[in-house]
Amino acid sequence: YCVSPFINPPPGSYMFVQGGSPSDGGVATLRYLKERGLRRVAMLDATDATGQALDRAVEAALSYPEFRTMQLVSHLHFAPQDVSVAAQVAQIKAANPQALISWNLGSAFGTVAHGLHEAGLDALPLVAAGGNASASQIKALAGFMPSDMHFLVGPLWAADSRVPKPVKDQEAIFRR
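Residues numbered from 1 in each chain as written. Predicted model: local features only at pLDDT ≥ 70, side-chain atom pairs only at ≥ 80, totals over all residues. Heavy atoms only, no water.

Colleague: Please explain the pairing of strand β5 (residues 149-152) as it appears in this structure.
Modeller: Pairing analysis gives 4 bridges linking strand β4 (residues 126-129) to β5, with the strands arranged parallel. Bridge pairing in β5 links leucine 126 to methionine 149. (Pairing = 2+ DSSP bridges. Helix = DSSP H or I, 4+ residues; strand = E, 2+ residues; numbered from the N terminus.)

Colleague: Hey, could you run me through the sheet that holds strand β2 (residues 71-78) in this one?
Modeller: Where strands meet in a sheet, backbone hydrogen bonds hold them as pairs that are either parallel or antiparallel. Within the open sheet, the 5 strands sit side by side as β2-β1-β3-β4-β5. Their pairing is parallel. Strand pairing shows two members of the sheet lacking a second neighbour, β2 and β5, which therefore form its edges. When the angles between neighbouring strand axes are averaged without regard to direction, this sheet yields 25°. Seen against the sheet, helix α3 (residues 86-95) touches β1 (40-46), β2 and β3 (99-101) and runs at an angle of roughly 175° to β2. On top of the sheet, helix α4 (residues 107-118) reaches β1, β2, β3, β4 and β5; it is set at about 170° to β4, its chief contact. (Axes fitted to C-alpha atoms, helices over the stretch in contact; angles between N-to-C directions. Contact = heavy atoms within 4.5 Å.)

Colleague: Help me understand α3, please; the structure alone is not making it clear to me.
Modeller: Residues three or four positions apart in an α-helix share a direction because the helix packs 3.6 residues into each turn. Looking at α3, one finds that the buried residues are Gln88, Val89, Ile92 and Ala95. Buried residues of α3, viewed axially, fall in a sector of 115°; they line one side. Projecting away from the buried face of α3 at angles above 90 degrees are the exposed residues Ala87 and Ala94. In this structure, the buried residues of α3 make contact with β1, β2, β3 and α4. Where α3 ends, the next residue or the one after it, asparagine 96, has phi of about 55°, a positive value. (Buried < 20%, exposed > 50% of the residue type's maximum accessible area, 1.4 Å probe, protein only. Arc of directions from axis to C-beta.)

Dropping the structure here:
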């Protein structure tokens, strides 16, 4: 079982993942932002496999006709071990986005949150990876967490999730 949304197990295998594919995440994220009226989007990705998956997923989703009114105004990268993203955040701020997508995990997520805070972008809506939706991590970052924070999580996180029967069947197998 893997909690990363960036793995696509072969059908019928004994590998289970949380949520959908990176493509599903890209579409769900853009759809959520669009429904909020947020059309100017920035991305700040790490240069690791997670960041590369985010790049491909969101770029592919942006090509869908339903997102033709959306614009990627800034798309920047950083190394996961970097201790600052001040230069990238300054460029993002200059692009004047309405939301930021940054699916970085762990300390890289903290680096992004801290960089946004230092740049005065605390209120910029931020969509982050569900792996960061940890009470202890959020408590540790409370001093500089964005005020409009959203985590991309799969239906397994919702007790009353309404998912198709094939997915429910796979969840039942996993729980057994």
